[in-house]
Structure formats: C-alpha cells, structure tokens
Amino acid sequence: MPWTENPQLRAMLLARAALAGQAGAQEAAAFLREHLNQPGSGNKWPGLPNTSSAPGEYPAKQSGKLLDSIDAQPMGQFWAFGSFNAPPEAWGLEYPAPGHTARPWLSKALADPDLRERVMHAMWEVFRH
Amino acid sequence: MGGVQTLTVDQLLYSLGLVLNKDPAGNYLSNAPPNPLPGRPYAITQGMNGSSEALLHGGAQLRRTQVLISLFGFTPDAAGFQSCGIVLAHLRARAREVDRLATYPRITECQAADESPVMRDVATNQHYASIRYVLTYLQGAST
C-alpha cells in the first residue's frame, strides 16, 4: 500500500504547532513580566521607588519601562518574546556600563529551568487538547 | 583536571593585558573593578549560576553556568575603539581554551555566547564592551 500524504492532517498539525508556539511565547512573556514586576532584596537607593535587586537576581521594578515593553508577538511563522521597542535600561542591564553591575534578565531567563518547565507545560497543554 | 595545561577566565584576561582586581591578600578577585582604577584597560567578571542540566549515565549531570566579562577603560579615541574590538575578538576566539572555573568541579566546555558591540560611555569618557561565556561542567561524576 503506497504512502500518500494527507494534506488535511498536515494543515491540522501545522496549525496546532503554531498555536503551541504562540502559547509558549506568551507563557515566556508572562514569566518575564511576573519576575520583572517585583522589588529586589538589595539596597534601597534614595530616589528610586523600590528596593533594588541583589546580584544574581532579576532586576527589580523601578520605572516599569522594561516591564511595559515585555511582550510576545508573531514574527513570520514564529513567535518571539522579549522586550519590544526596548528602553535603554533593557540593554544596560544586560551589558553593564562603566561603574554599574549587570542584572542579566534575558540571558538569566533563557537559562532558567523554571521558564523551561512553564513553556514546555504550556505547549504540551495545547498539543494535548 | 582535564589536560596538562589549564586556563581560567582570569588567566585568559590577564594574558590579554587586562588589569584585574586583587583582594588585600594579593589574590585575583575579578568580580569588582580594580581599586584604584588603573589608567589602562581593565576587566570585570560576573558569574551567574543557571542550571540547565542533562542527565548522563550513572546519574552525573551536565550543567551550565554563565560568566559575563566586561571590558572597561579603553581610551575614547579611535585607538581605544579598535583595541576594545581586538580584545573582544581574542576573547571570542579563545573561549574554548578555558577549562577551569573557581568553585566548579569540572569544566568540559566553554563557549563564547552573546556580546555587545564596542560602546562609548559619555560620563566616564571611555570605550567599553561585554562578552558572555557559557561554561558546561560535570556535576556528580563518581571519579
């Protein structure tokens, strides 16, 4: 019996994979939002509303510009998450300027097993139904 | 350890002519800027313990950690711009030579990850850049 491709099944799988990509990117953006929305446990500097982060933590929320720029958007056939129209502090936290210490938020999130767990769970929930 | 010759991140930075911070006992402690600041290029490293892991036979794990290397103190002219880019290129090309990291058991691989372009700081009037290393280490090996 020769094998013939089922175009309907192919379209169904691709549509489901696109939904899973969307769910994973939105879950990753939600993860970033809730980790960038809390004060840190470091120093309390005058002039800043919240306690700053200690080294090794996600950066604390101060002005909220980085938090507001976190989003997940479709890009071609993929879904991208991260900081869109990134404010300067998104770059400055990742690569420190002289006299400052880095608070890597994106590279820390990409290495975070909790983020991986949540993204895999969100994508699996889409594929399961 | 892995081979006959070993190389740490600090030794790599020192061999490229960058000034590193020392504690009062004279040991290199590169997670802070040198005090006082030298008039030459200097480097600061900042570790970050992520732990994406892969399970091997026998229960050992391959885990990853990141080291962010920041290069500061290059002169604000074109020579400083070029020098910073050259040091950055050497760090990117020689990342695989690194096979030791303090307090980590066994470094099996060191890869150069993302890096920033050479930037100029207006406040302190200098060129600076950063590069990140991703080091894979073997955790829980029996031998």
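Note that residues are indexed from 1 along each chain, following the sequence as it is written. The naming scheme follows written order: chains are lettered A onward, ligands numbered 1 onward. Side-chain atom pairs in this predicted model are given and counted only at pLDDT of 80 or more, local residue features only at pLDDT of at least 70, and totals for whole chains, interfaces and linings cover all residues.

Novice: For this particular structure, what's the right way to read the overall build of chain A?
Specialist: Across its full length, chain A holds five helices and two strands. We compute the radius of gyration from the C-alpha atoms alone; for a globule the expected value is 2.2 Å times N to the 0.38, where N is the number of residues. The C-alpha radius of gyration of chain A comes to 19 Å, more than 25% above the 14 Å expected for a compact globule of 129 residues. Seen along its three principal axes, the alpha-carbon backbone of chain A occupies a region of about 75 × 25 × 20 Å. Using C-beta atoms placed from the backbone, we call a residue buried if 20 or more other C-beta atoms fall within 10 Å of its own, exposed if 12 or fewer do, and partly exposed for counts in between. A total of 129 residues make up chain A; the buried ones form 25% of that total. Think of it this way: any DSSP run of H or I at least four residues long counts as a helix, any run of E at least two long counts as a strand, and we number them from the N terminus.

Novice: How do you make sense of the overall build of chain B when you look at a structure like this?
Specialist: Secondary structure summary: chain B contains two helices and six strands in total. The order of α-helices and β-strands along chain B, N terminus first, is α-β-β-β-α-β-β-β. Referenced to the eigenvectors of the C-alpha coordinate spread, the extents of chain B come out at roughly 55 × 35 × 25 Å. Counting the 143 residues in chain B, one finds 30% classified as buried. Each residue is represented by a C-beta atom placed from its backbone, and any two residues with such atoms within 7 Å are regarded as in contact. Counted over contacts in chain B with a minimum sequence separation of 6, partners at least 24 positions apart contribute 54%.

Novice: What's the story with the confidence of the model for chain B in this structure? I'm lost.
Specialist: Caution applies to low-pLDDT parts of the model: their predicted coordinates are not meant to be read in detail. Each residue carries a pLDDT value, the predictor's own confidence for that position, ranging from 0 to 100. Confidence in the prediction for chain B averages 90 pLDDT; 94% of positions are at 70 or higher. No element of chain B has a lower mean pLDDT than strand β2 (residues 53-55) of chain B, which averages 77, and none a higher one than helix α2 (residues 78-93) of chain B, which averages 97.

Novice: Is there a simple way to explain the environment of I131(B) in this structure?
Specialist: Residue and element names in this part refer to chain B. Its location among the elements puts I131 in strand β6 (residues 126-139). For the pair I131 and A32, spaced 99 residues apart in the sequence, the C-alpha separation amounts to 16 Å. Residues in contact with I131, not counting those within four places in the same chain, are I69, L88, L91, R92, A112 and E115.

Novice: Got a minute to help me understand the interface of chain A and chain B in this structure?
Specialist: The accessible area lost on association of the parts is a frequent measure of interface size. Facing the 15 residues of chain A at the interface are 17 residues of chain B. Mapped onto the side of chain A that touches chain B, the elements with two or more residues apiece are α4 (106-110) and α5 (113-128) of chain A. Side-chain classes are defined by residue name, with Ala, Val, Leu, Ile, Met, Phe, Trp, Tyr, Cys and Pro counting as nonpolar, Asp, Glu, Lys and Arg as charged, and the others, Gly among them, as polar. Among the residues making up the side of chain A that touches chain B, the classes are represented as eight nonpolar, four polar and three charged.

Novice: Can you help me understand the nonpolar core in this one?
Specialist: One broad trend across soluble globular proteins is that nonpolar side chains are buried collectively. V9(B), A43(B), I69(B), L71(B), C84(B), L88(B) and Y133(B) are the most contacted members of the largest nonpolar core, which has 47 residues in total. Take this core: its biggest share by element is six residues, from strand β3 (residues 61-74) of chain B. In these notes, a nonpolar core means any group of buried Ala, Val, Leu, Ile, Met, Phe, Trp, Tyr and Cys residues linked to one another through C-beta atoms within 7 Å.

Novice: Any chance you could explain the pairing of strand β1 (residues 70-75) of chain A here in plain terms?
Specialist: Along a regular strand, successive side chains alternate from one face of the sheet to the other. Residues and elements named next belong to chain A. In short, DSSP must find at least two bridges between two strands for them to pair. Here β1 pairs with strand β2 (residues 78-83) via six bridges, running antiparallel. Within β2, the residue paired with I70 across the bridge is S83. In this antiparallel pair of consecutive strands, β1 and β2, the connection spans two residues, and G76 shows a positive phi of 65°.

Novice: Please clarify how the environment of P55(A) should be interpreted in this entry.
Specialist: Residue and element names in this part refer to chain A. Positionally, P55 belongs in the loop between α1 (7-35) and α2 (65-69). Residue P55 is classed as partly exposed on the basis of its 13 C-beta neighbours within 10 Å. Along the sequence, P55 and G42 sit 13 residues apart, while their C-alpha atoms lie 7.9 Å from each other.

Novice: Even after reading the chapter, I still don't get α2(B), so can you show me in this structure?
Specialist: An α-helix turns once every 3.6 residues. As a result, residues three or four positions apart point the same way. Residues and elements named next belong to chain B. For α2, built from 16 residues, the straight-helix expectation of 22 Å at 1.5 Å per residue is met to within 8% by its first-to-last C-alpha distance of 23 Å. Within α2 the residues assigned to the buried category are C84, V87, L88 and L91. The arc that holds the buried residues of α2, viewed along the axis, is 100°, so those residues lie on one side. Seen from the buried face of α2, the exposed residues on the opposite side, beyond 90 degrees, are A78, A79, I86, A89 and A93. If you follow the buried residues of α2, they end up packed against β3, β4 (107-115) and β6. Take the number of residues in a helix, subtract one, and multiply by 1.5 Å to get its expected span. This arc is built from the directions going out from the helix axis to the C-beta atoms.

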